[in-house]
Amino acid sequence: MDAENPSPSISSHLHSALVACRGAWSHAAKLALDIALPTLCVACREPVEGEGVCAACWAKLSFIAPPFCPRLGIPFVYDPGPDMLSMEAIASPPAYTRARAAVRYDDVARTLVHALKYQDRTDLAPSMGRWMARAGRELLEEADVLVPVPLHWRRGWSRRYNQSGALARIIERQTGVAVAAEALRRIRRTEQQIGLSRPQRASNVQGAFKVAPERQHLIAGRRVVLIDDVLTSGATVDACARALLRAKAAAVDVLVFARVVDNHKTPI
């Protein structure tokens, strides 16, 4: 046997040993890094394993459960009876059929959303998406397709990813409902909604969304669940729903991680 050309079996063993050594070094390096720099709770910065939220902060999340408005998903402070709508749903009915949210938009929820959106904490998306899938079970059981609220391409370029798309992919894995990521497009760059009044928010997103003609077949005649991270005034999801309905969607529901809740409003 040529010393400079080892047999295939020897080469195979050497390659396997090298791969094993690399794996061991990689595991050791990761373990050392985890010990030196433990994962911190995104809300309180205490060390935490896995999900990025410690047990104490998880307990502070205000998960939304019945009773709530069947149209807007706004939680009620008491049970007004079946099919009772909130004042908002009666006074200003949205273009979409139903909205559901996993949690109230409180301090911990805000920190989670901002970390996912602005700090590249994509590791938070699996937990947030699972909570959304549970909260929106009734919508998702009837859904044909998931559509994330799109970013304008310039904003998407600067952020490198769309947080609504990341959440939609997790929900897709949980439910099997397919994501049509490029069906809805933001055709006009809008100002940040933060700090705008309700009328200003509606004006800001008016005409900003459109279903791409080559993707209309993914929407027409189908029940769509629109996915976003936060519902505040509802202006953005309402503008998206109108664009989807113009593209002949059979119905549009909305599922978000968190929604702003005014505790002083009561049902009618």
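Predicted model, so just to flag it, every value in this text is computed and none were measured. (Residues numbered from 1 in each chain as written. Predicted model: local features only at pLDDT ≥ 70, side-chain atom pairs only at ≥ 80, totals over all residues. Heavy atoms only, no water.)

1. Concerning the packing of aromatic side chains
Item 1. Inspection of the entire model under this criterion finds three aromatic pairs.
Item 2. When the ring of W58 is compared with that of F63, the centres are 5.7 Å apart and the planes differ by 50 degrees; the resulting orientation is tilted.
Item 3. Owing to a relative accessible area of 44%, W58 belongs among the partly exposed residues under this scheme.
Item 4. Measuring from centroid to centroid gives 6.2 Å for W131 and F257, while their planes differ by 25 degrees, and the two rings are stacked. With W131 in helix α5 (residues 125–135) and F257 in strand β6 (residues 251–259), the pair connects residues that are 126 residues apart, well separated along the chain.
Item 5. Here the aromatic cluster, defined as three or more aromatic residues joined through ring pairs, consists of W58, F63, W131 and F257. (Phe/Tyr/Trp six-rings, centres within 6.5 Å; stacked < 30°, edge-to-face > 60°. Buried < 20%, exposed > 50% of the residue type's maximum accessible area, 1.4 Å probe, protein only. Helix = DSSP H or I, 4+ residues; strand = E, 2+ residues; numbered from the N terminus.)

2. A few points about helix α4 (residues 107–118)
Item 1. In this model, α4 (12 residues) spans 16 Å end to end at C-alpha, consistent with the 16 Å of a helix rising 1.5 Å per residue.
Item 2. Among all positions in α4, only V108, A109, L112, V113, A115, L116 and K117 are buried.
Item 3. One or two residues past the end of α4 sits D120, with phi positive at roughly 60 degrees. (Expected span 1.5 Å × (residues − 1).)

3. What about the pattern of salt bridges?
Item 1. A full pass over the atoms with the stated rule returns 12 salt bridges.
Item 2. The salt bridge involving D107 is made with R110; its shortest N-O contact spans 2.8 Å. With a gap of three residues between them, D107 and R110 both fall in helix α4, about one helical turn apart.
Item 3. A network of salt bridges, in which partner residues are shared, links R98, R100, E138, E142, R223 and D253. (Salt bridge = Lys/Arg side-chain N within 4 Å of Asp/Glu carboxyl O.)

4. A few points about the nonpolar core
Item 1. L112, M128, M132, L146, V225, I227 and F257 are the most contacted members of the largest nonpolar core, which has 39 residues in total.
Item 2. Top element by residues in this core is α4. It accounts for six residues.
Item 3. With sequence-adjacent residues up to four places away left out, M132 is seen in contact with A102, L167, I171, I227, D228, L255, V256 and F257.
Item 4. In this structure, I64, F76, A247 and V254 belong to the second largest nonpolar core, which totals 33 residues. (Core = buried A, V, L, I, M, F, W, Y, C linked by side-chain atoms within 4.5 Å. Contact = heavy atoms within 4.5 Å.)

5. Focus: the sheet that holds β6
Item 1. Taken together, four strands build an open sheet; the order of strands is β1-β6-β5-β2 and the sheet is parallel. If you trace the sheet from one side to the other, it starts and ends with β1 (99–104) and β2 (145–148), each paired once. Going from strand to strand, the sheet's axes swing by 20 degrees on average, the running direction of each strand aside.
Item 2. Sheet topology note: the β2/strand β5 (residues 223–231) ladder contains four bridges and is parallel. Bridge assignment links V145 to a residue of β5, and that residue is V224.
Item 3. Together, β1, β5 and β6 form the strand contacts of α4, whose direction differs from that of β6 by roughly 105 degrees.
Item 4. With respect to the sheet, helix α10 (residues 235–246) is in contact with β5 and β6, its orientation differing from that of β5 by roughly 165 degrees. (Pairing = 2+ DSSP bridges. Axes fitted to C-alpha atoms, helices over the stretch in contact; angles between N-to-C directions.)

Note that all results are geometric; they support no functional claim without further evidence.
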